[in-house]
Amino acid sequence: KQLHDAHFLAMCNDIVSNSPQSSGVFVVGDIANSGRDYEWKHANELIASVARLPKFYFSLGNHDLYGSESYFTLAQNFMTYAQTDSVYYERVIDGYYHLFLGSESKSNGLDADLSQNQLSWFDNRMQELTASQPSKPVFVYLHQSLYDTIAGSFEGQGWDGIIQNEQFR
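Attention in this report is confined to the structure presented alongside it. (Residues numbered from 1 in each chain as written. Predicted model: local features only at pLDDT ≥ 70, side-chain atom pairs only at ≥ 80, totals over all residues. Heavy atoms only, no water.)

**A short note on the overall build of the protein chain**
Next, step 1: For the protein chain, the count of helices and strands is five helices and five strands.
Next, step 2: Ordered by position from N to C terminus, the α and β elements of the protein chain give α-β-α-β-α-β-β-α-β-α.
Next, step 3: For 169 residues, the compact-globule estimate of 2.2 N^0.38 gives 15 Å, and the protein chain sits close to it at 16 Å.
Next, step 4: By principal-axis analysis of the C-alpha atoms, the protein chain measures approximately 40 × 40 × 30 Å.
Next, step 5: The long-range fraction of contacts in the protein chain, counting pairs at least 24 apart against all pairs at least 6 apart in sequence, stands at 63%.
Next, step 6: In the structure as shown, the protein chain presents an accessible area of about 9,400 Å², 52% of it carried by carbon and sulfur atoms.
Next, step 7: For the protein chain, the centre of its 10 positive side-chain charges and the centre of its 20 negative side-chain charges are spaced 9 Å apart. (Helix = DSSP H or I, 4+ residues; strand = E, 2+ residues; numbered from the N terminus. Rg over C-alpha atoms; globule rule 2.2 N^0.38 Å. Contact = heavy atoms within 4.5 Å. Areas by Shrake-Rupley, 256 points an atom, 1.4 Å probe, with all protein chains shown as cover. Lys, Arg positive; Asp, Glu negative; His and termini not counted. Charge placed at Lys NZ, Arg CZ, Asp CG, Glu CD.)

And the structure:
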């Protein structure tokens, strides 16, 4: 824990030193090793201990759901500290849209399980945003990867990705 805390604080101080005008710090999951409230609280305390850090934005990772508590309890911990009312949400930051996605069950402990509601919301938002602002990127955050895109996501490697992979593509 002490080594992880030291590395995290060093990263935070590097951000303040090297990128003081950053619009945010975007963490794509695994903030809390098992998703328990005390882990989130500790991460929040570390963040608050570094002056002039930009705002942190989180998406839900598989480790954030590893606790023995129910999915609802662990997701509620995430939503409390991410300051949102859903595991998927949108923020506008400096005029750019950011869409944060997250698993809606513990699934198999690794893969993201995206509901039909989340997939429809994502599809609709992407259509609306790219039609209204075709020259502006939309930033999308999801802890898990699409199959066959990065190391760990290839067949047989075990970090598969998204249960609804084909529909999400």
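**Focus on the packing of helix α2 (residues 37–48) against helix α3 (residues 71–82)**
Next, step 1: Contact geometry for α2 and α3: axes closest at 9 Å, N-to-C directions at 20°. Here α2 lies roughly parallel to α3, going by the angle between them. Classified by chirality, the crossing of α3 by α2 is right-handed. Where α2 approaches α3, its residues D37, W40, K41 and N44 are matched on the opposing element by N77, F78 and Y81.
Next, step 2: Tallied by class, the residues present in the contact of α2 with α3 amount to three nonpolar, two polar and two charged. (Axes fitted to C-alpha atoms, helices over the stretch in contact; angles between N-to-C directions. Parallel < 35°, antiparallel > 145°, perpendicular 65-115°, else oblique. Left-handed = near helix turned anticlockwise from the far one by under 90°. Nonpolar A, V, L, I, M, F, W, Y, C, P; charged D, E, K, R; others polar.)

**Description of the pairing of strand β4 (residues 96–100)**
Each regular strand shows side chains that alternate between the opposite faces of the sheet.
Next, step 1: Buried residues dominate β4, accounting for four of its five residues.
Next, step 2: Pairing geometry for strand β3 (residues 89–93) and β4, over five bridges, is antiparallel. Bridge pairing in β4 places I93 opposite Y96.
Next, step 3: Between β3 and the antiparallel strand that follows it, β4, lie two residues; D94 among them carries a positive phi value of about 50°.
Next, step 4: Relative to strand β5 (residues 138–141), β4 runs parallel, the two sharing four bridges. By the bridge assignment, H98 is partnered in β5 with F139.
Next, step 5: The β-α-β motif built from β4, the intervening helix α4 (residues 116–132) and the parallel element β5 has right-handed crossover chirality. (Buried < 20%, exposed > 50% of the residue type's maximum accessible area, 1.4 Å probe, protein only. Pairing = 2+ DSSP bridges. Right-handed = clockwise from strand over helix to strand, strands pointing away.)

**Description of α3**
Next, step 1: Compared with the 16 Å implied by 1.5 Å per residue over twelve residues, the 16 Å span of α3 between its first and last C-alpha is a close match.
Next, step 2: Within α3, the full set of buried residues consists of L74, A75, N77, F78, M79, Y81 and A82.
Next, step 3: Lining the buried residues of α3 we find α2, β2 (56–59) and β3. (Expected span 1.5 Å × (residues − 1).)

That's the geometry; what it means functionally is another story.
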